[in-house]
Amino acid sequence: MNLRKFFLTVGFSGLFPKAPGTVGSFVALIMGVVLLQYMHVSNLFMLALLISVIAVKQIDIYEEQVGAHDGKEIVIDELAGMWIALSICGINESNMVIMSILAFLYFRLFDIWKPSFIGKIDRDVKGGWGVMGDDLLAGVAGGIAAAGTYQVITYFL
């Protein structure tokens, strides 16, 4: 249970008493930026997908043990979504700071707001896929929005 909880709470960052999703997303951002110093962005994307598949099963087990769906302490979904956003936003060495900020802000916006299919998955899909699915889509939307915003910024500056 402790190793599972460590994994699902991203090193216990999800146990932070206020805004655990934002804290978990920030920890994931820092981890993602560090990993990008050592691996290609496509590897970060694949790692996010691998973690997602593992997390689905682990969330199912955890939810059965605690008897609750999508507990606030579970932030592995934020890690996967944040890494997806970083992976597809067009981040590189020259724009790392601005793209990290944009990806983080847009990911959190879509994860909290939950528009369209993001909200539908959050409401209608149960178990591990329900927990992970909305954040994966929020990561895609956040990465696209970050890339678009960066293009607008660079065009006008």
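Scroll up to find the structure this text is about.
Residues numbered from 1 in each chain as written. Predicted model: local features only at pLDDT ≥ 70, side-chain atom pairs only at ≥ 80, totals over all residues. Heavy atoms only, no water.

Peer 1: Which residues make up the pattern of salt bridges, and what values go with them?
Peer 2: For the structure on display, the rule yields 5 salt bridges. The salt bridge partner of Lys-114 is Asp-134, with a shortest N-O separation of 2.7 Å. Taken as a pair, Lys-114 in the loop between helix 5 (96-113) and helix 6 (116-124) and Asp-134 in helix 7 (residues 127-156) lie far apart in primary sequence, 20 residues in all. The partly exposed category is assigned to Lys-114, whose relative accessible area is 22%. By relative accessible area, Asp-134 is classed as buried at 1%. Two residues, Asp-124 and Lys-120, come together in a salt bridge whose shortest N-O distance is 2.9 Å. Of this pair, Asp-124 and Lys-120 both sit in helix 6, 4 residues apart, roughly one helical turn. Because the salt bridges share partners, they merge into one network encompassing Glu-78, Arg-108, Asp-111, Lys-114 and Asp-134. (Salt bridge = Lys/Arg side-chain N within 4 Å of Asp/Glu carboxyl O. Helix = DSSP H or I, 4+ residues; strand = E, 2+ residues; numbered from the N terminus. Buried < 20%, exposed > 50% of the residue type's maximum accessible area, 1.4 Å probe, protein only.)

Peer 1: Give a detailed account of the packing of helix 2 (residues 20-36) against helix 3 (residues 41-66), specifying residues and quantitative values.
Peer 2: For any two helices packed against each other, the geometry is given by the interaxial angle and the distance between the axes. For the pair helix 2 and helix 3, interaxial distance at closest approach is 9 Å and the crossing angle is 135°. By the angle between their axes, helix 2 is oblique relative to helix 3. Like other packed secondary-structure pairs, helix 2 and helix 3 cross with a definite hand, here right-handed. Side by side, helix 2 and helix 3 meet where Gly-32, Leu-35 and Leu-36 of the first sit next to Val-41, Leu-44 and Leu-47 of the second. Here the residues of the contact of helix 2 with helix 3 sort into 5 nonpolar, 1 polar and no charged. (Axes fitted to C-alpha atoms, helices over the stretch in contact; angles between N-to-C directions. Parallel < 35°, antiparallel > 145°, perpendicular 65-115°, else oblique. Left-handed = near helix turned anticlockwise from the far one by under 90°. Contact = heavy atoms within 4.5 Å. Nonpolar A, V, L, I, M, F, W, Y, C, P; charged D, E, K, R; others polar.)

Peer 1: Tell me about the packing of helix 4 (residues 76-88) against helix 7, and please be specific about residues and values.
Peer 2: The interhelical angle for the contact between helix 4 and helix 7, taken along N-to-C directions, is 25°, at an axis separation of 7 Å. Compared by their axis directions, helix 4 and helix 7 come out roughly parallel. Crossing of helix 4 over helix 7 shows right-handed handedness. Residue-level inspection shows Ile-76, Asp-77, Glu-78, Ala-80, Gly-81, Ile-84, Ala-85 and Ile-88 of helix 4 in contact with helix 7, the latter providing Val-131, Met-132, Asp-135, Leu-136, Gly-139, Val-140, Gly-142, Gly-143 and Ile-144. Residue composition of the contact of helix 4 with helix 7, by class: 10 nonpolar, 4 polar and 3 charged.

Peer 1: Any details on the side chain of Ser-52? Residues and values, ideally.
Peer 2: Secondary-structure assignment places Ser-52 in helix 3. Its relative accessible area of 2% is what places Ser-52 among the buried residues. Those residues in contact with Ser-52 that lie beyond four places of it in its chain are Ala-80, Met-132 and Leu-136.

Peer 1: Requested: an account of the environment of Val-56, with residues and values cited.
Peer 2: Along the polypeptide, Val-56 turns up in helix 3. Along the backbone, Val-56 and Asp-77 are 21 residues apart, and their C-alpha atoms lie at a distance of 9.2 Å. If near-sequence neighbours (up to four positions away) are discounted, Val-56 is found in contact with Gly-128, Trp-129 and Met-132.

Peer 1: Residue-level account of the layout of surface pockets, with values.
Peer 2: Remark: the empty space left among the atoms is shown by a probe the size of a water molecule rolled over them. The calculated volume of the largest pocket comes to roughly 270 Å³. If you trace the largest pocket, you find 19 residues lining it, with Gly-21, Lys-72, Glu-78, Arg-108 and Asp-111 closest to the centre. Every element with two or more residues in the lining of the largest pocket is listed here: helix 2, helix 4, helix 5 and helix 7. The residue makeup of the lining of the largest pocket, split by class, is 6 nonpolar, 3 polar and 10 charged. (1 Å grid on protein atoms, 1.4 Å probe; cavity = no way out; pocket = protein on both sides within 12 Å on 5 of 7 lines; lining within 4 Å. Points joined across faces, edges and corners; volume = space filled by probe spheres on them.)

Peer 1: Can you tell me about the nonpolar core, naming the residues and giving the values?
Peer 2: Of all hydrophobic cores here, the largest spans 41 residues; its most connected members are Ile-59, Ile-76, Met-82, Trp-83, Leu-86 and Met-132. Broken down by secondary-structure element, the contributors of at least two residues to this core are helix 2, helix 3, helix 4, helix 5 and helix 7. Apart from the residues lying within four places of it in its own chain, the contact partners of Leu-86 are Leu-29, Gly-32, Val-33, Val-41, Leu-44, Ile-91, Ser-100 and Ala-103. (Core = buried A, V, L, I, M, F, W, Y, C linked by side-chain atoms within 4.5 Å.)

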